[in-house]
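As a plain string of letters, each chain reads:
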Amino acid sequence: MSADHSLLVTARALTGTSSNVASSASSVTILAANNARKGATITNDSTQVLYLKFGATASTSSYAVVLAGSSAAPFAYYEVPFGYVGIIDGIWASANGNARVTELT
């Protein structure tokens, strides 16, 4: 129960779908909007910084999350906030590596 005594229901994910998004120095879609999404993870395996935006058209001045670049594991990892089902765009400081994405549905 929540603080206001309403019932909270948590849906569990049954499937994890993995994808790779090649890095780009211009905005690219990391995850398309998906109303069935229960959660998602994003790992930046690039040596370059990845800027993520909850919405369309990420830039180095319009973003919500920064994932540091690394030349070796562990790479920068991010869990998308529960309940967010909208588009996520990203842009790298320069093209190098990938975003490793898992969407839970």
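Preceding block: the structure.
Remember, it's a predicted structure, so these values are computed and weren't measured experimentally.

Enquirer: Go over the packing of aromatic side chains with me, naming the residues and quoting the values.
Expert: Per the counting criterion, the structure on display carries three aromatic pairs. Summarising the aromatic geometry, the rings of Phe-54 and Tyr-84 are spaced 4.9 Å apart at their centres and angled 65° between planes, so their arrangement reads as edge-to-face. Highlighted residues: Phe-54 in strand 4 (residues 50-54) and Tyr-84 in the loop between strand 6 (76-79) and strand 7 (88-92), separated in sequence by 30 residues. Among the residues examined, Phe-54 registers a relative accessible area of 31% and is labelled partly exposed.

Enquirer: Quick rundown of the sheet that holds strand 3 (residues 39-44)? Include the residues and the values.
Expert: The four strands lie next to each other as 1-8-3-6, forming an open sheet whose pairing is antiparallel. Where the open sheet ends on each side, the last strands, each with one partner, are strand 1 (16-22) and strand 6. Put simply, the sheet's adjacent strands are angled 15° from each other on average, direction ignored. Note: strand 3 against strand 6, four bridges, orientation antiparallel. Bridged to Thr-41 within strand 6 is Glu-79.

Enquirer: I'd love a proper account of the environment of Ser-46, names of residues and values included.
Expert: Within the element layout of this structure, Ser-46 appears in the loop between strand 3 and strand 4. For Ser-46, a relative accessible area of 0% corresponds to the buried category. In this structure the C-alpha to C-alpha distance between Ser-46 and Ala-72, which are 26 residues apart in sequence, comes to 9.1 Å. Apart from residues lying up to four places away in sequence, Ser-46 is in contact with Gly-69, Ser-70, Trp-92, Asn-96, Gly-97 and Asn-98.

Enquirer: Lay out the sheet that holds strand 5 (residues 65-67) in plain terms, naming residues and giving numbers.
Expert: Read across the open sheet, the four strands follow the order 2-7-4-5; overall the sheet is antiparallel. Each having just a single partner strand, strand 2 (28-31) and strand 5 make up the two edges of the open sheet. Between one strand axis and the next, the sheet turns by 35° as a mean value, whatever way the strands run. Across three bridges, the pairing between strand 2 and strand 7 is antiparallel. Residue Thr-29 lies in a different strand from strand 7, and its bridge partner there is Asp-89.

Enquirer: I'd love a proper account of the pattern of salt bridges, names of residues and values included.
Expert: A complete count under the given rule lists two salt bridges for this structure. Where Arg-37 meets Glu-103, a salt bridge forms, and the shortest distance between an N and an O atom there is 2.8 Å. Taken together, the positions of Arg-37 in the loop between strand 2 and strand 3 and Glu-103 in strand 8 (residues 98-104) put the pair 66 residues apart, joining distant regions of the chain. By relative accessible area, Glu-103 is classed as buried at 13%. With a closest N to O distance of 2.7 Å, Asp-45 and Arg-100 form a salt bridge. Linking Asp-45 in the loop between strand 3 and strand 4 with Arg-100 in strand 8, this pair joins segments that are 55 residues apart in sequence. Among the residues examined, Asp-45 registers a relative accessible area of 18% and is labelled buried. With relative accessibility at 35%, the residue Arg-100 sits in the partly exposed group.

Parameters and conventions
- Residues numbered from 1 in each chain as written.
- Predicted model: local features only at pLDDT ≥ 70, side-chain atom pairs only at ≥ 80, totals over all residues.
- Heavy atoms only, no water.
- Phe/Tyr/Trp six-rings, centres within 6.5 Å; stacked < 30°, edge-to-face > 60°.
- Helix = DSSP H or I, 4+ residues; strand = E, 2+ residues; numbered from the N terminus.
- Buried < 20%, exposed > 50% of the residue type's maximum accessible area, 1.4 Å probe, protein only.
- Pairing = 2+ DSSP bridges.
- Axes fitted to C-alpha atoms, helices over the stretch in contact; angles between N-to-C directions.
- Contact = heavy atoms within 4.5 Å.
- Salt bridge = Lys/Arg side-chain N within 4 Å of Asp/Glu carboxyl O.

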